[in-house]
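# Results of the structural survey
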Amino acid sequence: MAGSADFNLKLVLVSFKQCLNEKEEVLLDHYITSWKGLVRFLNSLGTVFSFISKDVISKLHIMEHLRSGPQCEHYTSLQSMVAYEMGNGLVDLDRRSHHPNSGCRTMLRLHRALHWLQLFLEGLHTSPEDARTSTLCLDSYNSSLAAYHPWIVRQAVAVAFYTLPSRKAFLEAMNMGSPEEAVEMLGEALPFIKQVYDISQRVYTEHSLLNLP
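This is a predicted model, so every value here is computed, not measured.

### Thoughts on empty space enclosed by the protein
Across all of its chains, the model carries one cavity of 30 Å³ or more by this definition. Taken as a whole, the largest cavity spans an internal volume of roughly 30 Å³. Contributing to the lining of the largest cavity are V91, D92, R96, H99, P100, S102, R105 and P213. Here the lining of the largest cavity is built from residues that sort into three nonpolar, two polar and three charged.

### Quick look at the UniProt feature "domain: Glycolipid transfer protein" (unreviewed entry) in the protein chain
Residues annotated by UniProt as "domain: Glycolipid transfer protein" (unreviewed entry) correspond here to residues 27–175. The span residues 27–175 is 65% helix and 0% strand, and its two end C-alpha atoms sit 27 Å from each other.

### Looking at the nonpolar core
F49 and M174 are the most contacted members of the largest nonpolar core, which has 71 residues in total. Of all the elements, helix 9 (residues 179–206) adds the most residues to this core, at 12 residues. Residue contacts for F49: discarding those within four places in its chain leaves L42, W116, F120, C137, F161, L164 and F170.

### Digging into the layout of surface pockets
Computed from the structure, the largest pocket encloses a volume of approximately 230 Å³. Forming the boundary of the largest pocket are F51, I52, D55, V56, K59, R105, R109, R112, A113, L145, Y148 and H149. Elements with a minimum of two residues in the lining of the largest pocket: helix 3 (50–68) and helix 5 (103–126). With five residues, the single largest contributor to the lining of the largest pocket is helix 3. Of the residues contributing to the lining of the largest pocket, the split by class is six nonpolar, one polar and five charged.

### Some words on the packing of aromatic side chains
Two numbers describe a pair of aromatic rings. These are the distance of the centres and the angle of the planes. Inspection of the entire model under this criterion finds 10 aromatic pairs. The interplanar angle of 85° and the centroid separation of 6.3 Å between the aromatic rings of F16 and Y31 together place this pair among those described as edge-to-face. Here the residue F16 occupies a position in the loop between helix 1 (9–15) and helix 2 (28–44), and Y31 occupies one in helix 2, the gap between them amounting to 15 residues. Take F16 and Y31: they sit in the same class, and that class is buried. With a centroid separation of 6.3 Å and 65° between ring planes, the pair formed by F49 and F170 is classed as edge-to-face. Placement of the pair is F49 in the loop between helix 2 and helix 3 and F170 in helix 8 (residues 167–172), with a sequence separation of 121 residues. By relative accessible area, F49 is classed as buried at 0%. Given the relative accessible area of 0%, F170 is considered buried. Among the aromatic residues, those joined into a ring-pair cluster are F49, F51, W116, F120, Y141, F161 and F170. For the cation-ring pair, R112 lies above Y148, with the distance from its terminal atom to the ring centre recorded as 3.5 Å.

### Remarks on a negative patch on the surface
Negative charge collects at one region of the surface, where E129, D130, E180, E181 and E184 lie side by side. Within the element layout of this structure, E180 appears in helix 9.

### Quick notes on the confidence of the model for the protein chain
Detail in the predicted coordinates should be disregarded across regions flagged by low pLDDT. Across the protein chain, the average pLDDT comes to 91, with 97% of residues at 70 or higher. Predicted confidence for residues 1–5 stays below pLDDT 50, and this span has 13 contacts to residues more than four positions away or in other chains.

Here is what the cut-offs are and how they apply
Residues numbered from 1 in each chain as written. Predicted model: local features only at pLDDT ≥ 70, side-chain atom pairs only at ≥ 80, totals over all residues. Heavy atoms only, no water. 1 Å grid on protein atoms, 1.4 Å probe; cavity = no way out; pocket = protein on both sides within 12 Å on 5 of 7 lines; lining within 4 Å. Points joined across faces, edges and corners; volume = space filled by probe spheres on them. Nonpolar A, V, L, I, M, F, W, Y, C, P; charged D, E, K, R; others polar. UniProt positions renumbered as here; feature names shortened; annotations may be inferred. Helix = DSSP H or I, 4+ residues; strand = E, 2+ residues; numbered from the N terminus. Core = buried A, V, L, I, M, F, W, Y, C linked by side-chain atoms within 4.5 Å. Buried < 20%, exposed > 50% of the residue type's maximum accessible area, 1.4 Å probe, protein only. Contact = heavy atoms within 4.5 Å. Phe/Tyr/Trp six-rings, centres within 6.5 Å; stacked < 30°, edge-to-face > 60°. Lys NZ or Arg CZ within 6 Å of the ring centre and 35° of its normal. Patch = residues over 30% accessible without salt bridge, like charges linked within 9 Å, V, L, I, M, F, W, Y side chains within 5 Å. Areas by Shrake-Rupley, 256 points an atom, 1.4 Å probe, with all protein chains shown as cover. Salt bridge = Lys/Arg side-chain N within 4 Å of Asp/Glu carboxyl O. Lys, Arg positive; Asp, Glu negative; His and termini not counted. Charge placed at Lys NZ, Arg CZ, Asp CG, Glu CD. pLDDT = per-residue confidence, 0-100.

Following this line, the structure appears as structure tokens:
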């Protein structure tokens, strides 16, 4: 399960640093680019994560469409997007109806998926050498995405995660040298994802948008 030779997860994780400007606005172009790198990483690990990566890709396409559309100037940052869509009644707050693919809803789904991946990578970083990746991944899933998936999906995910390779194989797929070097890299780079996640979480919380249908 080795990653491609030209792929380096550290570059992807550090790229999240570019997602924030001096005002702590989440810049959507950089966010989309960084997520594309994460999708490449997930795909390099095999088909077990395809249920997540396929959904993420569809959400990225929606955001790219909004970024290139006639109202693109309102979609430069998460904050400007939320202000524009909320101010113009472009968000379905109670049930999906007139705006099923609003930027707010779409980014919320990416936000939730980022939380799962952040928790999983943090688990790889802090766990002992003999830790089971299936347990790390399932614990991260249960603490994040599972709450938004129906029972049948949660059961299928749990079964799929049991096929995951060893922690050592995951760390080697990051193309950062030895497993020890990969662990060190995660410690240096994961804070960039966490900062983007925390700021996004604050924006969604302030506008009461964490439970968009």
